[in-house]
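Structural overview for review
Given next are the chains, with one letter for each unit.
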Amino acid sequence: MRNGYKIISWVGILIAAALISCKTTPAPEAAPPAATPESPAAPSPADPGKGPPDQAAIDALEAARAQVEASRTQAVDIESPRYFPRDWETAEGQYQSLGEPASATLGEFRAAAETYRAVAKAFDDLARKCLPRYAADREQEIRAAREGAVKAGAERITPDRLRAADAMVEKAVSQYDAEDYYPAAASAFTAVDMYKALEAGLGAYTTRREIVARDFVKYEPVNFEFADTISRAAVSGYDAGHIPEARNKAEQARLWYSLVLDIGWETFASEHGAAAAKVQEDAYALKAHVALKKDYDAATEILKQGDVSFSNRQFAEAVTRYTQAESRFITVRDAAREKRRLAEDAIREAEEKVIESDENARDAEIILEGDTL
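Given the structure is predicted, the values throughout are model-derived calculations rather than measurements.

Some details on the overall build of the protein chain
Counting secondary structure elements, the protein chain contains 13 helices and zero strands. Here the protein chain holds 373 residues, and 34% of them are scored as buried. Counting contacts in the protein chain only where the partners sit at least 6 residues apart, residues at least 24 apart contribute 81% of the total. Surface exposure of the protein chain reaches about 21800 Å², of which carbon and sulfur atoms provide 55%.

Below, the structure is given as structure tokens:
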């Protein structure tokens, strides 16, 4: 992007221009008094300041009041309380102490206006002090937003939409060059929203792909469809230029897909844990914990590790442990079953031999008895 990072050059100037615009403006000239019939001139007071205020003084006080509010708002907008909290507290204390001045005479009106202008100057000075930090932060915000979109895969997955966001930054720079400062600021912040909408949308897209690849849709089909609906609305909004709404929708979609993925992993891990536990029971029933104690205990330890991972919501790790435990329990179970079979065969053979021996003994006895007869 050719001009994407020129933002700092005009953000600071933009704020400076705004501050300049908040400076004291000349008080409007007093309107000429309406024509009245000639009457004897009233004697002038000895001190004009003690006389009633004229229209110019009234207008000057109102202008000073408006200037304070504008200067304070400007200081808030560029985050003065965050950058210089002590200076902000000082200026804010002066502002809070203004109250409603007792202004009845021309001198009091003028004094009140000077007080307001002094407080406005304190806010203006503070704002100027914040300008370098504020401008640097705005530049970093734009950089970070774009880098987040690129890291999420914008250049590879949706380059056209990334170019649209870059074009919005270009537009901001062009508007600044044309001295359209406030539209330029609006375009810059729209670009930030576009980048962040892309990052959120691509995060949702990546999560959705994993859900489908792992066949987790079956666990949360309703929420998955709801996330799809929000995701489609986000894409449509982005392409239609409804950027803040699109960003909001994209972030919602990412959250819902993450929920579906998390529940999918939890259910998937639970199923694997149950399968491993079932094989463990089968092995135990075959006396594997006695016949193959070392191997049985090793498999049991891995199963426990899976349970710990599951409790910590580390479901992928739990699945790995459960799969390992199930495999070992199958080996132990089958070995125990084979040992039992061999033992049963040996017992049967022994019994057969005993029976055969008994039969031989009876035959011998019969023969012996026959010989005796």
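Re the layout of surface pockets
Quantified by volume, the largest pocket comes out at close to 330 Å³. Around the largest pocket, the lining is made up of 18 residues, and of these Arg161, Gly201, Leu202, Tyr205 and Val235 lie nearest the centre. Among the secondary structure elements, those contributing two or more residues to the lining of the largest pocket are helix H8 (181-213), helix H9 (221-239) and helix H10 (243-285). Among the elements that make up the lining of the largest pocket, the one with the highest residue count is H8 (seven residues). A breakdown of the residues in the lining of the largest pocket according to their chemical character gives 12 nonpolar, three polar and three charged.

Describing the pattern of salt bridges
Counting across every chain of the model gives 28 salt bridges. Among the salt bridges present, the one from Glu62 reaches Arg65, with a minimum N-O distance of 2.9 Å. Highlighted residues: Glu62 and Arg65, both in helix H2 (residues 55-77), separated by three residues, approximately one helical turn. Residue Lys129 pairs with Asp87 through a salt bridge whose shortest N-O separation is 2.6 Å. On the criterion of sequence distance, the pair formed by Lys129 in helix H5 (residues 106-151) and Asp87 in helix H4 (residues 85-96) is long-range, its members being 42 residues apart. Taking relative accessible area as the criterion, Lys129 reaches 42% and is therefore assigned partly exposed.

Overview of the packing of H2 against H4
Between H2 and H4, the least distance of the axes is 12 Å, while the angle of their chain directions is 155°. One finds that H2 runs roughly antiparallel with respect to H4. Crossing angle aside, the handedness with which H2 passes H4 is left-handed. Contacts between H2 and H4 pair Val68, Glu69, Arg72, Ala75 and Val76 from the former with Trp88, Glu92 and Tyr95 from the latter.

Let's talk about the nonpolar core
Grouped together as the largest cluster of nonpolar side chains are 31 residues, with contacts concentrated most on Ile211, Tyr257 and Phe329. Of all the secondary structure elements, the ones that give two or more residues to this core are H8, H9, H10, helix H12 (293-311) and helix H13 (315-372). By size, the runner-up hydrophobic cluster in this structure holds 25 residues, among which are Ile78, Trp88, Leu98 and Phe123.

Describing unusual backbone geometry
Phi angles above zero are rare outside glycine, and Asp215 is one such case at about 60°. Following the sequence through the fold, Asp215 ends up in the loop between H8 and H9. Phi is positive for Arg313, which is not a glycine, with a value near 60°. For Arg313, the location among the structural elements is in the loop between H12 and H13.

Brief notes about the confidence of the model for the protein chain
This prediction gives the protein chain a mean pLDDT of 84; 81% of its residues lie at or above 70. When the elements of the protein chain are averaged for pLDDT, helix H1 (residues 7-21) gives the smallest value, 45, and H9 the largest, 97. Segment residues 1-43 is flagged for pLDDT under 50; beyond a separation of four residues in sequence, or across chains, it makes 65 contacts in the model.

Focus: a negative patch on the surface
On the surface, a cluster of negative charge is contributed by Glu349, Glu351, Glu352 and Glu356. Mapped onto the elements of the fold, Glu349 is located in helix H13. Looking at Glu349, the relative accessible area reads 47%, which means it is partly exposed.

Comments concerning the packing of aromatic side chains
Summed over all chains, the structure comprises 11 aromatic pairs. Seen from their ring centres, Phe216 and Trp265 are 5.5 Å apart, and the 75° between their planes marks the pair as edge-to-face. Of the two residues, Phe216 is situated in the loop between H8 and H9 and Trp265 in helix H10; the sequence distance between them amounts to 49 residues. For Phe216, a relative accessible area of 0% puts it in the buried group. Given the relative accessible area of 13%, Trp265 is considered buried. By the ring-pair criterion, three or more aromatic residues cluster together here, those being Phe216, Tyr219, Trp265 and Phe268.

What counts, and where the lines are drawn
Residues numbered from 1 in each chain as written. Predicted model: local features only at pLDDT ≥ 70, side-chain atom pairs only at ≥ 80, totals over all residues. Heavy atoms only, no water. Helix = DSSP H or I, 4+ residues; strand = E, 2+ residues; numbered from the N terminus. Buried < 20%, exposed > 50% of the residue type's maximum accessible area, 1.4 Å probe, protein only. Contact = heavy atoms within 4.5 Å. Areas by Shrake-Rupley, 256 points an atom, 1.4 Å probe, with all protein chains shown as cover. 1 Å grid on protein atoms, 1.4 Å probe; cavity = no way out; pocket = protein on both sides within 12 Å on 5 of 7 lines; lining within 4 Å. Points joined across faces, edges and corners; volume = space filled by probe spheres on them. Nonpolar A, V, L, I, M, F, W, Y, C, P; charged D, E, K, R; others polar. Salt bridge = Lys/Arg side-chain N within 4 Å of Asp/Glu carboxyl O. Axes fitted to C-alpha atoms, helices over the stretch in contact; angles between N-to-C directions. Parallel < 35°, antiparallel > 145°, perpendicular 65-115°, else oblique. Left-handed = near helix turned anticlockwise from the far one by under 90°. Core = buried A, V, L, I, M, F, W, Y, C linked by side-chain atoms within 4.5 Å. pLDDT = per-residue confidence, 0-100. Patch = residues over 30% accessible without salt bridge, like charges linked within 9 Å, V, L, I, M, F, W, Y side chains within 5 Å. Lys, Arg positive; Asp, Glu negative; His and termini not counted. Charge placed at Lys NZ, Arg CZ, Asp CG, Glu CD. Phe/Tyr/Trp six-rings, centres within 6.5 Å; stacked < 30°, edge-to-face > 60°.

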